[in-house]
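Residues per chain, in single letters:
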Amino acid sequence: MSGAGRGERAQETREAILDAAERLFAEHGVGDVSNRQIAQAAGQANNFAVGYHFGTKPDLVRAIVRRYTTETEGRRLRMLAAIDSSGGSGGPGGSGAPGGPGGSDDLRAWISCLVRPATGHLDALGVPCWRARCLAQFDTVPGLRRIVIDESVATPSMRRTLEGMFRLLPELPEEVHRERSDMSRLLVVHTLAERERALHEGGGTARTSWEATATGLVDALAGLWPAPVTREAG
């Protein structure tokens, strides 16, 4: 087999392992799934295939997250380009307010850039899909949660989106800023996971489509971020 052929075969194996890990983590949690189980689910006779291709479990988690952020990055960059060209809404539900040097002055435009790349990606994956539930499982493990946050915020599109949002919230105290960031992450991650689970199980969903789900999340976050801040007494 040529070097190119071996490279293609290795990439196919890596993708099969990522698919298997994503499904097993989504269904059983990260701590209850071994590398041996992942290798077997990926059709690998070698029980050490996961370690060979990815290293440690955190390394495998990082690879899963990067596969996700690679997909959402392109979508978010296109939305940001639309904001740059029109000072616009960043998607349905925005006001299209003209932007200053930092882009749109419509908070909903920036929040849309947070939410809609994820919902659009999940919509494109179809059913069955395990990606949102897998990411939600990572969010329950402190060390893995840190990987997801670090990898997500590290992308150029996410940094630009957060800069645009926070430019419009200059008076928000730092501790409230951190608190609402956590609230936002939990709301988005687990709302997407619950919808994915309901679709997988054939049950009812709160919204009729991923697009409608995005609109609901944008509505909620647009209320959360500029909400009044009650100062603690004393």
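For clarity, every value in this text was computed on a predicted model and none was experimentally measured.

Draft legend 1. Main features of the confidence of the model for the chain. In the predicted model, the chain carries a mean pLDDT of 90, and the fraction of residues at 70 or more is 91%. Element-level mean pLDDT values for the chain span from 43 in strand β1 (residues 99-100) up to 98 in helix α10 (residues 210-224). Within the model, the stretch residues 88-101 combines pLDDT values under 50 with 39 contacts to residues more than four positions away or in other chains.

Draft legend 2. Looking closely at the packing of aromatic side chains. Tallied over the full model, the rule gives 2 aromatic pairs. Centroid distance F25 to F138: 5.9 Å. Interplanar angle 65°. Geometry classified as edge-to-face. Linking F25 in helix α1 (residues 3-28) with F138 in helix α6 (residues 131-138), this pair joins segments that are 113 residues apart in sequence. One exposure class covers both F25 and F138, and it is buried. An angle of 50° between the planes, with centres 5.6 Å apart, marks the rings of F166 and W225 as tilted. Residue F166 is located in helix α8 (residues 156-167), and its partner W225 is located in the segment after α10; the two are separated by 59 residues in the primary sequence. Exposure remark for F166: the relative accessible area of 23% places this residue in the partly exposed category. Taking NZ or CZ as reference, R195 lies 4.9 Å from the ring centre of W210, over its face.

Draft legend 3. A look at the side chain of E151. In this fold, E151 is placed in helix α7 (residues 142-153). Discounting residues that sit within four places of it in the chain, E151 has contacts with R62, V65, R66 and T69.

Draft legend 4. Region of interest: the packing of helix α5 (residues 107-125) against α10. Between α5 and α10, the least distance of the axes is 9 Å, while the angle of their chain directions is 150°. The angle between α5 and α10 falls in the class roughly antiparallel. Crossing geometry of α5 relative to α10 is assigned as right-handed. Residue-level contacts link R108, I111, S112, V115, R116, T119, L122 and D123 of α5 to W210, E211, A214, T215, L217, V218, D219, L221 and A222 of α10. Grouping the amino acids of the contact of α5 with α10 by side-chain chemistry returns 9 nonpolar, 3 polar and 5 charged.

Draft legend 5. Local environment of the environment of H28. If you trace the backbone, H28 turns up in helix α1. Through-space distance from the C-alpha of H28 to that of G203 is 20 Å; in sequence the pair is 175 residues apart.

Draft legend 6. The pattern of salt bridges, seen in detail. Taken as a whole, this structure holds 19 salt bridges when the rule is applied. The shortest N-O distance in the salt bridge between D182 and R185 comes to 3.1 Å. With D182 and R185 both in helix α9 (residues 174-201) and 3 residues apart, the pair spans about one turn of that helix. Looking at D182, the relative accessible area reads 40%, which means it is partly exposed.

Draft legend 7. Quick look at α10. For α10, built from 15 residues, the straight-helix expectation of 21 Å at 1.5 Å per residue is met to within 8% by its first-to-last C-alpha distance of 21 Å. Turning to α10, its buried residues number three or more, namely W210, A212, T213, A214, G216, L217, V218, L221, A222 and L224. In this structure, the buried residues of α10 make contact with α5 and α9.

About the cut-offs
- Residues numbered from 1 in each chain as written.
- Predicted model: local features only at pLDDT ≥ 70, side-chain atom pairs only at ≥ 80, totals over all residues.
- Heavy atoms only, no water.
- pLDDT = per-residue confidence, 0-100.
- Helix = DSSP H or I, 4+ residues; strand = E, 2+ residues; numbered from the N terminus.
- Contact = heavy atoms within 4.5 Å.
- Phe/Tyr/Trp six-rings, centres within 6.5 Å; stacked < 30°, edge-to-face > 60°.
- Buried < 20%, exposed > 50% of the residue type's maximum accessible area, 1.4 Å probe, protein only.
- Lys NZ or Arg CZ within 6 Å of the ring centre and 35° of its normal.
- Axes fitted to C-alpha atoms, helices over the stretch in contact; angles between N-to-C directions.
- Parallel < 35°, antiparallel > 145°, perpendicular 65-115°, else oblique.
- Left-handed = near helix turned anticlockwise from the far one by under 90°.
- Nonpolar A, V, L, I, M, F, W, Y, C, P; charged D, E, K, R; others polar.
- Salt bridge = Lys/Arg side-chain N within 4 Å of Asp/Glu carboxyl O.
- Expected span 1.5 Å × (residues − 1).

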